[in-house]
Amino acid sequence: MKPDDAAGIGEALEAYLKRSGLKRRVDQAGVVDAWPELVGPQIARVTTAQGVSEDGVLFVTVATAAWMQELQLQSPSILQKLTSRGRPIRRISWSLGTPGAGRR
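Now for a quick tour of the structure. Keep in mind the model is a prediction, meaning the values are calculated, not measured. (Residues numbered from 1 in each chain as written. Predicted model: local features only at pLDDT ≥ 70, side-chain atom pairs only at ≥ 80, totals over all residues. Heavy atoms only, no water.)

### Examining the environment of Gln 74
Just so we agree on the cut-off: Comment: elements are numbered from the N terminus, with helices defined as DSSP H or I runs of at least four residues and strands as E runs of at least two. For each residue, the accessible area found with a 1.4 Å probe, counting protein chains only, is set against the maximum for its type, and the residue is called buried under 20%, exposed over 50%, and partly exposed in between. Counted as a polar contact is a pair of N or O atoms within 3.5 Å, where, for protein atoms, one must be capable of donating a hydrogen and the other of accepting one, and residues adjacent in sequence contribute only when both atoms are in side chains.
Looking at the secondary structure, you find Gln 74 in helix 4 (residues 65–84). Using a relative accessible area of 24% as the deciding quantity, one classes Gln 74 as partly exposed. A distance of 2.7 Å separates the side chain of Gln 74 from the side chain of Glu 70, its partner in a polar contact.

Structure below.
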């Protein structure tokens, strides 16, 4: 496959995702894998993004109640950062749990 072919396939896939309405869900789901990069190492050490609901709620487990309280206060700035990076998340649902344990 030539580089031009790969670019053409990428463009076709992007166009299909937009037409089918799946692009928003793909962008939302990408938050789970990109979570450590999006929030930085300090927050990533004590949290795990578990999944995203169809209506844009991101579910995140947090290691301690103290961290959960801090992150709830930081929710507006985290949401703004996610949105500015093309991640259409409308709300974050924080819950106590073991970071790294099974994703949704």
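Now that the structure has been shown, the text picks up again.
### A word on a nonpolar patch on the surface
Worth spelling out the cut-off: Like charges within 9 Å and nonpolar side chains (Val, Leu, Ile, Met, Phe, Trp, Tyr) within 5 Å are joined into patches, using only residues over 30% in relative accessible area that form no salt bridge. We get accessible surface area from the Shrake-Rupley algorithm with a probe of 1.4 Å; when it comes to residues, only the shown protein chains can shield them. Whenever Lys or Arg places a side-chain nitrogen within 4 Å of a carboxyl oxygen from Asp or Glu, that contact is recorded as a salt bridge.
Side chains of Leu 13, Tyr 16, Leu 22 and Val 26 sit close together on the surface and give an oily, nonpolar patch of about 360 Å² of accessible area. Within the fold, Tyr 16 resides in helix 1 (residues 3–20).

### Quick look at the nonpolar core
Basically, it comes down to this: What is meant by a nonpolar core is a set of buried Ala, Val, Leu, Ile, Met, Phe, Trp, Tyr and Cys residues, joined one to another through side-chain atoms within 4.5 Å.
In this structure, Trp 35, Leu 58, Ile 78 and Trp 94 are the most contacted members of the largest nonpolar core, which totals 20 residues. Elements with a minimum of two residues in this core: helix 2 (23–39), strand 1 (47–52), strand 2 (57–62), helix 4 and strand 3 (91–96). For this core, the element with the highest residue contribution is helix 2, accounting for six residues.

### Observations regarding the sheet that holds strand 3
The condition is simple: When DSSP finds two or more bridges between a pair of strands, those strands are recorded as paired. Angles shown run from 0 to 180 degrees and are taken between the N-to-C directions of axes, each axis being a line fitted to C-alpha atoms and, for helices, limited to the stretch in contact. By definition, residues are in contact when any of their heavy atoms lie within 4.5 Å.
Ordered in space as 1-2-3, the three strands form an open sheet in which the pairing is mixed. The open sheet is flanked by strand 1 and strand 3, the only strands paired with a single partner. Each neighbouring strand pair of the sheet contributes to a mean axis angle of 25 degrees, computed without reference to strand direction. Pairing geometry for strand 1 and strand 2, over five bridges, is antiparallel. Across the sheet, residue Thr 48 finds its bridge partner in strand 2, namely Thr 61. Strand contacts of helix 4: strand 1, strand 2 and strand 3, with the helix running at about 160 degrees to strand 3, the strand carrying the most contacts.

### A closer look at the pattern of salt bridges
Oppositely charged side chains are able to pair whenever their charged atoms sit close together. In total, this model carries one salt bridge according to the counting rule given. Between Arg 90 and Asp 55 there is a salt bridge; the shortest N-O distance is 3.0 Å. Taken together, the positions of Arg 90 in the loop between helix 4 and strand 3 and Asp 55 in the loop between strand 1 and strand 2 put the pair 35 residues apart, joining distant regions of the chain. On the basis of relative accessible area, Asp 55 is assigned to the partly exposed category, the value being 42%.

### Quick notes on helix 4
Note the threshold: Expected span, for any helix, means 1.5 Å times one less than how many residues it has. Bend, in this description, refers to the angle at a residue between axes fitted to the seven residues ending there and the seven starting there.
Here helix 4 spans 28 Å end to end across 20 residues, near enough to the 28 Å set by a 1.5 Å rise per residue. The sharpest bend along helix 4 reaches about 55 degrees and sits at Gln 74, with the proline Pro 76 one to four residues further on. By the burial criterion, the buried members of helix 4 are Met 68, Leu 71, Ser 75, Ile 78, Leu 79 and Leu 82. Gly 86 lies just past helix 4 and shows a positive phi near 75 degrees.

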